[in-house]
Amino acid sequence: MLNKILELRKIQGKSRKFIGALTTELIRTELLKQRFNVSNRDVFIEGIPNELDLLIVQAGKNLKEKIFYSPDDILVVFEIKFRGAYGEKQKNSIKEIFDNIKRKNENIECIINTIFIKFFLASNSLE
């Protein structure tokens, strides 16, 4: 999966929106292969104003308008970051969103999935 992301990143460039969407879609595809009932990307839970990257929904439950789910139908919420959370403000924002979700249904598992790659640049001056 990582190789595919890096390959398409070379073609499309370093757009954060593109890389985020691509990473989420590839994770979604893998979850579908494992036969999970997975939402589309960028969905909402009733009573939560924030857009969510991906959900695993109880089998047999249907979404409303292709992007809107009842909190009682959700098993797992994924927040997906290609290069991790970028600072305290973003971490606190994600925690607040997850806390709001748990208030709607304490049984929902909230997961941050990060793919963090550190690139090292070799320099002849370091010899």
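The structure reproduced in this document is the subject of the present report. (Residues numbered from 1 in each chain as written. Predicted model: local features only at pLDDT ≥ 70, side-chain atom pairs only at ≥ 80, totals over all residues. Heavy atoms only, no water.)

**Considerations on the sheet that holds strand β4 (residues 74-81)**
Read across the open sheet, the three strands follow the order β2-β4-β5; overall the sheet is mixed. Single-partner strands in this sheet number two, and they are β2 (54-57) and β5 (109-114). Across the sheet, the axes of successive neighbouring strands diverge by a mean angle of 20 degrees, strand direction being ignored. Relative to the sheet, helix α2 (residues 16-33) contacts β2, β4 and β5, its axis offset from that of β2 by approximately 15 degrees. (Pairing = 2+ DSSP bridges. Helix = DSSP H or I, 4+ residues; strand = E, 2+ residues; numbered from the N terminus. Axes fitted to C-alpha atoms, helices over the stretch in contact; angles between N-to-C directions. Contact = heavy atoms within 4.5 Å.)

**Quick word on the pattern of salt bridges**
Side-chain pairs of opposite charge can arise whenever the charged atoms involved come near each other. Under the definition given, this model contains six salt bridges. A salt bridge links Arg28 to Glu25; the shortest N-O distance between them is 3.6 Å. Taken as a pair, Arg28 and Glu25 lie in helix α2 at a separation of three residues, close to a single helical turn. Since its relative accessible area comes to 30%, Glu25 is described here as partly exposed. (Salt bridge = Lys/Arg side-chain N within 4 Å of Asp/Glu carboxyl O. Buried < 20%, exposed > 50% of the residue type's maximum accessible area, 1.4 Å probe, protein only.)

**A few points about unusual backbone geometry**
Backbone geometry places Arg35, a non-glycine residue, at a positive phi of 70 degrees. Looking at the secondary structure, you find Arg35 in the loop between α2 and β1 (44-45). For Asp42, which is not glycine, the phi torsion reads 55 degrees and is therefore positive. Its location among the elements puts Asp42 in the loop between α2 and β1. With a relative accessible area of 29%, Asp42 lands in the partly exposed category.

**Brief notes about the environment of Val77**
Mapping Val77 onto the fold places it in strand β4. Each C-alpha atom, one on Val77 and one on Leu55, is 4.7 Å from the other, the two residues being 22 residues apart in sequence. With near-sequence residues (within four places) excluded, Val77 lies in contact with Ile45, Leu52, Leu54, Leu55, Phe98, Ile101, Ile108, Glu109, Cys110 and Ile111.

**Some points on the pairing of β4**
The element β4 is largely enclosed, with a buried count of seven among its eight residues. The sheet contact formed by β4 and β5 spans six bridges and is parallel. Considered in β5, the bridge of Glu79 is made with Ile112.

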